[in-house]
Structure formats: C-alpha cells, structure tokens
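# Survey of secondary and tertiary structure
Chain residues, written in single-letter form:
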Amino acid sequence: MEKQQEAARPTSKGPKRQRRPRRKHNKNSGNETKANAPATTEKDSGELWSIDQFQVAPAEGKSRFHDFNIPDRVLKSIQEMGFEYCSEIQAATLPATLEGYDLIGQAQTGTGKTAAFLIAMISDFLDYPADADRPNNFPRGLIIAPTRELALQIADEADKLTKNTNLNVVSLVGGMSYDKQRSQLETEYVDLVVATPGRLLDFARNKKVMLNKVECVVLDEADRMLSMGFIPDVKSIIRMTPHKERRQTMLFSATFPKDIQALARQWTYYPKEVSVVPKETTNKNIDQVIYTVEAEQKWPVLKTLIEGNDGQRTIIFANRRDETRDLYEKLKGANINCAILSGEVTQDKRVKTLARFKDGSIQVLVATDVAGRGIHVDNIELVVNYTLPEDPEDYVHRIGRTGRGGEMGKSVSFATENDAFIIPEIEATIGASIRCEYMIEQK
Ligand code: AMP
C-alpha cells in the first residue's frame, strides 16, 4: 500500500516536485467520463447537469471558475453555492494548487480562502480516486483550524463543495461528542477530515484515525494556532503525515510572525507564495469611531447606543469571559435580545446561538475574540469594542465582521484611560486614523 502511495506521488530531487498530471476537463461536453472512478468515491449526480447550465459572462479583470481545470461535479456545487467569479485569493492560488503545488497564503477570513483550498483538494481527489482497498479511517485530506467555529464552517463549506461527489467530510473537533466522531471514523469512509489540533491528536494517537496516507494538508489561520499554543500539537500531527515531498501542503495565515515563517518553510516543498492584502484593514465601508469614556460611562453609553439603533444586528466584543458574562446580564436586564458566544459556552449551544443570530432571532451577540473569530454572518450592522483588544490584529478581525459585501457598516470602540494607549498601534495596523468622540464631559 505504502509503495502505491509513493508511486502515485513520485518524488524528485529537483527544485519542483513532480506532480501527477492533471486530467483535462472538457468544458464543452458537460459530463465527464467516470471510467476511473471507483464506487466508493464518486457519485453520478453530475449526470443530468452540464456546464452549459452555468453561464457566467467573461468580465475584465475577473476569473471564472470555468477558466480553471475543475471537474464538472465541483463546478456544479460552486454554481449551487451561488459563486460566479473567483475571489482574488482563488484566482491567485488555483492555477498553482490545482497543479498540486504547495502554497503559503497570506489571507484572512472573508477573502474566500476556504473555497480556494477546498476546490483544489477536492478536484485532485476526484481526478485521482483512492485505492479501492483503502481502509475507511485513512483520510486523504486533512484541514486543521484553531477553533471549533472555524473548523465547523470549513466543514460546512466542504460539505457543499462535495455535495455532488461521494467524498465524505468528517469533523473532529473538541467540545463535541467524542463517541459520535469515533463512530464516524469506524463506520464511514473518511475522505476529508476537518479538525482542531487537540481532538485530532487524541484520535490519531489512539489510532482511530490514521494520517500516513494523507495526500493534502491544509493549515488554516496558522498565526492563531501559534498564539493559542497549538503549535506543538500541530507539529506532532504533521509528523504523522507523509513526508512533505509526498503530500501537498497549503498554509494560510493572516500575519507572518517569524515563528510562522519558519514553520511555513519547514512544512512546505517549494511553495508558491500568494498574499492578498485584507480588504478589511482599509475597508472604506466601515464607519469607525472611538468613544473616549470613563469606565463607569461605558454601560450607560452602550445601552443608549443599542436602544437607539433600531434593532440593528450587533456584535459586542470584550476581552475576557467574565466581561462578556457581565455585559450579557446587563443587556438581558435592559430587555435587549441578546446571547453570549464565549469559550465557556458549550459547543452545541454556540452552534445554535450562531444559527439564531444568523436567522435574526437574536439581535445582539456578546463575544470574545476566540469565539468571534471566523464567524460568517452577513449584514452585521454594528460592531462594538466594549474593551479595546490587546492585539491590533484582533481589532481588524473584529470590525471586519461588518461592512462586508459592499454594505455599509459601523464600528464603535470604547476607550478609557486604561486602554487608550493601544489606539496608535491600531491606527498603524489599519493605516488610518480613527475619529474620536469625547463623551467624558457628558457625565
Ligand atoms: P472565507 O474567506 O473562506 O471565510 O469566505 C468568506 C465567504 O465568502 C464565505 O461565506 C464563502 O462562502 C464566500 N465565498 C467564497 N468564495 C466566493 C466566491 N468566489 N464568490 C462569492 N462568495 C464567495
């Protein structure tokens, strides 16, 4: 088995790894031949669909998914997801990643990076079906993310992109039922695993999941894994996968501190490097304001702000769990429709809360950075920094929840004499100065 794996991904001593050649997908015929597709990994649901049904007019400066060598069954899912043109990171990475090259990508949430790496991985797996005798707990693709929320969002996108295939996606994340995940590993064909580091390592050490046949590894939000202390776990996981010359590795990070640069070099093989400067840092669609207040003014000012904002969908960030709890109690006391999203809330509850926030049945979400990171909810009208974050990058992530997709958004940050010192650093990070309104005299 191991030999076959090596044969499928020949290695080279030269600067470029020799990739297996990509199948050419005939964009005129619609349906593809499935001669080399074993029953375990392919589905016929693409049969009645043809690329002719996915008409997207060429547009200057934009790439269409049609323009790349992507199997029809993936294109069909892309169409069903409502995507037409590639985002910048997709257009910049797909030519290399579809050819099997490694990637170091600088991009953050909101750029479309998830679909970028998933489309490359899924296309490759469809073109090169797994050995028919592969045991079911040997995944082909491994995606590691720092938080459960992010992992579940990636899994959700992977489910959508594999909908017209027989590729199966399994999430191995902490804080959710261990037994259910173990039983999936025992009973299902596991093609793609989306995982948080701790839970994955647990399963891998117990040999419930075997990583030595992984063909493609994605490390998402590597900088966050570093700041959350996950790097030792990730190192142990990477050591269980095939050597970097025999796997494809894609690493994404919003920032590249020295440690991440070193790990990226260590884990990838002659990678392509792509950087998409986050639009969020210079997002003109966000009206940013700082309210300079005394500590005791924060709550009354916030209450007035929320009560006067016509039920706008709002996220309030605080730095610590006890702060979120305290705020949540105060908001409830003021009859404001709210919920809490912090690390101390059970995973099940967090998923449900997010769904209720998305469907509009909750107006205000109180969150910490970890819980709030990577949330995809469109049309958030207001982001409040009840406490300024300690890391300026968190400010960028927080306010990036609003003003998306061309909509206007607003962010209000409270600054007191205890934390105002961070403002210049934030302004340097976003490359702009933020309007300040002094509330102190209103006391
Ligand atoms: P991400 O940066 O991967 O977290 O993606 C942000 C959001 O953009 C997600 O809701 C995706 O489903 C969506 N998205 C990704 N690619 C595209 C695209 N090409 N066109 C439209 N929406 C997209």
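Residues numbered from 1 in each chain as written. Predicted model: local features only at pLDDT ≥ 70, side-chain atom pairs only at ≥ 80, totals over all residues. Heavy atoms only, no water.

### Quick look at the sheet that holds strand β8 (residues 286-292)
Just so we agree on the cut-off: Paired strands, as defined in this entry, are two strands with at least two bridges between them according to DSSP. Strands here are runs of E lasting at least two residues and helices are runs of H or I lasting at least four, both read from the DSSP assignment and numbered beginning at the N terminus. Convention adopted: a line fitted to C-alpha atoms gives each axis, helices being fitted over their contacting stretch, and angles between N-to-C directions are expressed from 0 to 180 degrees. We call two residues in contact when some of their heavy atoms are within 4.5 Å.
Across the sheet, which stays open at both edges, the seven strands sit in the order β10-β11-β9-β12-β13-β8-β14 with parallel pairing between neighbours. Bordering the open sheet on either side are β10 (338-341) and β14 (435-438), each of which pairs with just one other strand. This sheet shows a mean twist of 20 degrees between the axes of neighbouring strands, independent of strand direction. With four bridges joining them, strand β9 (residues 314-317) and strand β11 (residues 364-367) adopt parallel strand pairing. Pairing of Ile315 across the sheet is with Leu365, part of β11. The sheet strands contacting helix α11 (residues 298-307) are β8, β9, β11, β12 (382-385) and β13 (409-415), and the helix crosses β13 at an angle near 165 degrees.

### A few points about the sheet that holds strand β3 (residues 169-172)
Spatially, β3-β4-β2-β5-β6-β1-β7 is the arrangement adopted by the seven strands of the open sheet, whose pairing is parallel. Looking at the sheet topology across the chains shown, the edges are occupied by β3 and β7 (272-275). Pairs of neighbouring strands in the sheet enclose a mean axial angle of 15 degrees, with direction left out of account. On top of the sheet, helix α3 (residues 88-97) reaches β1 (103-106), β6 (248-253) and β7; it is set at about 175 degrees to β7, its chief contact.

### Considerations on the pairing of strand β5 (residues 216-219)
Put simply, the rule reads: Throughout, exposure labels follow a simple rule: accessible area from a 1.4 Å probe, protein chains only, divided by the maximum for the residue type, with under 20% read as buried, over 50% as exposed, and the rest as partly exposed.
Here β5 shows no split at all, with Cys216 and Val218 on one side and Val217 and Leu219 on the other all buried. Judged from the four bridges that link them, strand β2 (residues 141-144) and β5 form a sheet pairing that is parallel. Among the inter-strand pairings, Ile143 is bridged to a residue of β5, identified as Val218.

Remember that the coordinates give geometry; whether it matters functionally is a separate question.
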